[in-house]
Amino acid sequence: MTTKTATKAASTPKATSKPKTKAQTAVKTKPTIFIDGEAGTTGLEIRRRVADVAGLEVRSIAPQKRKDATARLAMMREVDLVVLCLPDDAARQAVALVDELGKDAPKVIDASTAHRVAPGWVYGFPEMDAAQTEAVRTARRVSNPGCYPTAAIALIRPLVEAGLLPADYPVTINAVSGYSGGGRSMIEAYEAGTAPAFELYGLGFEHKHLPELQHYSGLTRRPIFVPSVGNYRQGMLVSAPLHLDTLPGKPTARDLEAVLAKHYAGAKLVKVVPAGNAAAKDRRLEPEALNGTDVLELRVYASPNYAQAVLVARLDNLGKGASGAAVQSMGLMLGVAT
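Residues numbered from 1 in each chain as written. Predicted model: local features only at pLDDT ≥ 70, side-chain atom pairs only at ≥ 80, totals over all residues. Heavy atoms only, no water.

1. Concerning the environment of Glu 38
How we decide: The secondary structure listing takes helices from DSSP runs of H or I that are at least 4 residues long and strands from runs of E that are at least 2 residues long, numbered from the N terminus. The contact rule is simple, with two residues in contact once any of their heavy atoms fall within 4.5 Å.
With respect to the helices and strands, the residue Glu 38 is situated in the loop between strand S1 (32-36) and helix H3 (41-50). Separated by 45 residues in sequence, Glu 38 and Val 83 place their C-alpha atoms 8.8 Å apart. The contacts of Glu 38, once residues within four sequence positions are left out, are Gly 43, Leu 44, Arg 47, Ser 60 and Arg 66.

2. Here's the deal with the nonpolar core
To be explicit about the condition: Residues enter a nonpolar core if they are buried and are Ala, Val, Leu, Ile, Met, Phe, Trp, Tyr or Cys, with the set joined through side-chain atoms within 4.5 Å. Each residue gets one of three labels from its accessible area relative to the maximum for its type: buried under 20%, exposed over 50%, partly exposed in between, using a 1.4 Å probe on protein chains only.
Ranked by size, the top nonpolar core spans 45 residues in total, and within it Leu 165, Val 238 and Leu 296 carry the most contacts. Elements supplying a minimum of two residues to this core: helix H7 (147-161), strand S7 (172-178), helix H9 (210-217), strand S10 (236-243), helix H10 (253-263), strand S12 (296-302) and strand S13 (308-315). A total of ten residues in this core trace back to one element, the largest contributor, which is H7. Every residue in contact with Leu 296, bar those within four places of it in the chain, is listed here: Phe 125, Thr 150, Ala 151, Ala 154, Leu 269, Val 270, Lys 271, Ala 313, Arg 314, Leu 315 and Lys 320. Among the nonpolar cores identified, the runner-up in size contains 21 residues, and Ile 46, Val 50, Met 333 and Val 336 belong to it.

3. Some details on the pairing of S1
Selection criterion: Paired strands are those between which DSSP finds at least two bridges. Viewed with both strands pointing away, a crossover whose connecting path from the first strand over the helix to the second turns clockwise is right-handed.
Within S1, five of the five residues are buried, which leaves it mostly tucked inside the rest of the structure. Both S1 and strand S2 (residues 57-59) contribute to a ladder of three bridges, which runs parallel. Bridging from a neighbouring strand, Ile 33 pairs with Val 58 of S2. For the crossover that starts at S1, traverses H3 and ends in the parallel S2, the hand is right-handed. Where S1 and strand S3 (residues 81-84) come together, four bridges link them in parallel fashion. By the bridge assignment, Phe 34 is partnered in S3 with Val 82.

4. Comments concerning the pairing of S10
Side chains on a regular strand alternate between the two faces of the sheet. Here S7 runs beside S10; their pairing, made up of four bridges, is antiparallel. Each residue of the ladder has a partner; that of Ala 175, found in S10, is Val 238. Across eight bridges, the pairing between S10 and S13 is antiparallel. What sits directly across from Leu 242, in S13, is Ala 309.

5. Examining the sheet that holds strand S4 (residues 107-110)
Strand order across the open sheet formed by six strands is S2-S1-S3-S4-S6-S5, with parallel pairing between neighbours. Unpaired on one side and paired on the other, S2 and strand S5 (122-123) mark the two borders of the sheet. Alignment of S3 against S4, held across four bridges, turns out to be parallel. Bridge pairing in S4 places Val 82 opposite Val 108.

6. So, the packing of H7 against H9
Think of two packed helices as two axes; the pair is described by the angle between the axes and how far apart they sit. Spelled out, the test is: Orientation is described by lines fitted to C-alpha atoms, with helices fitted over the stretch in contact, and by angles between N-to-C directions that extend from 0 to 180 degrees. Oblique is the label for every angle not falling under 35 degrees (roughly parallel), over 145 degrees (roughly antiparallel), or within 65 to 115 degrees (roughly perpendicular). Crossing handedness is defined as follows: a turn of the near helix away from the far one that is anticlockwise and smaller than a right angle gives a left-handed crossing, while the clockwise case is right-handed. Under the scheme applied here, ten amino acids are nonpolar (Ala, Val, Leu, Ile, Met, Phe, Trp, Tyr, Cys and Pro), four are charged (Asp, Glu, Lys and Arg), and all others, including Gly, are polar.
Their axes nearest at 8 Å, the elements H7 and H9 cross at an angle of 25 degrees. The orientation of H7 relative to H9 falls into the category roughly parallel. Judged by the sense of rotation from one axis to the other, the crossing of H7 with H9 is right-handed. Seen from H7, the contacting residues are Pro 149, Ala 152, Ile 153, Ile 156, Arg 157 and Val 160; seen from H9, they are Glu 212, Leu 213, Tyr 216 and Ser 217. Partitioned by chemical class, the residues of the contact of H7 with H9 number seven nonpolar, one polar and two charged.

7. Description of the sheet that holds strand S9 (residues 224-230)
Taken together, seven strands build an open sheet; the order of strands is S8-S9-S7-S10-S13-S12-S11 and the sheet is mixed. Of all strands in the sheet, those bounded by a partner on one side alone are strand S8 (198-200) and strand S11 (270-272). Mean inter-strand twist for the sheet, computed between neighbouring axes without regard to direction, equals 20 degrees. Sheet topology note: the S7/S9 ladder contains seven bridges and is parallel. By the bridge assignment, Asn 174 is partnered in S9 with Val 226.

What follows is the structure, encoded as C-alpha cells:
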C-alpha cells in the first residue's frame, strides 16, 4: 500500500505555478529602484549616494537602451520606485509610461520641474510642515524640490504661517550657487575655463523655480528672485532682506529666529544657527562649508542699530538641494534608512 501510494504521488503532474507579481516578490527582497536618466549630474549623484544604502538595490538598463521606451517600460515594471532625472518634457513622457502599468506601476520621484506644483504630486520637502513627512512616506508620486526653493521655502514659510511675515509682503530673494547646479553645459564651460568668475541670471523674472517657491512658501505676492552662479563647483547661499519696522508688530530678529527654531525643532537635517550680534566685525558666511552633506542651515542676521534683518540659508545644492533630497524621500517612501 505504501509503495503504490508513493508511486502514484510521484507520477502526479505538478501544478504549473503562475508568475509572481512585483508585490509578491517584493516581500522577499530589498526594495529596487531605477534611475531614469542616471547619466546626468543629478542621476550620477543619486547613484553614488544610493550605493552606500544597504537596504536598496539599483537596477539599470544598457546605455544603448536608455532612450528605448520598451526597455524603460520593462524596467519600470520590475522595480518598486523610479527616479526621473530628465528634462521636463521627457519626465512627462516617462510618467505617461508609468501610467501604462496600472496596478504594477512603481512609485515615482521626479527630479525635474515638471510636476512640482501639479495636482496629485507630493512635494518632497519632509520638514516643510508637521504633516509633510507622513505625506512623503505614503505618497506614490513625489516631486523633488529645487535647490533654491528648498532654501527660500525653509526661511519664509514658517514666518508666514506664524503671522510675522504677511503673505503679500514684497519679498526679494538673492542667491548664489556653484556651477554644478547649472547642468552639463554650464559645468563644462566652467571646468574648461571659458565661463565668467561670477554672473547673475534669470533676469527675465521667469526662473523655473519661481512657481514652487511662491506656492509652498505661502506668498500671495510673486517674489523677486535673483539667482547667480560663482566659479566653484557646489555650495549655495540664499538670502532674503527684511525691513523689520514694516512687519506686523515690528518683530525683532530674535523673534524671527525663535519661530524658525520652533518650526524645525527635532529636525535632523535642518538646523537653525543663532547668528548673534550682527555688529561683530568681519562677519562672513561662505557657501561651501556644507558640501558633501544633506544639512540645511538657517540664520537670521540683524543690526542693533537699524530695523533691518536678512534671512540666510546655506546648503549643498547637490545635497539637500537635489540628490540628497531625492534619497531622503526615497528612504521614506520605501521604508529604508538612508
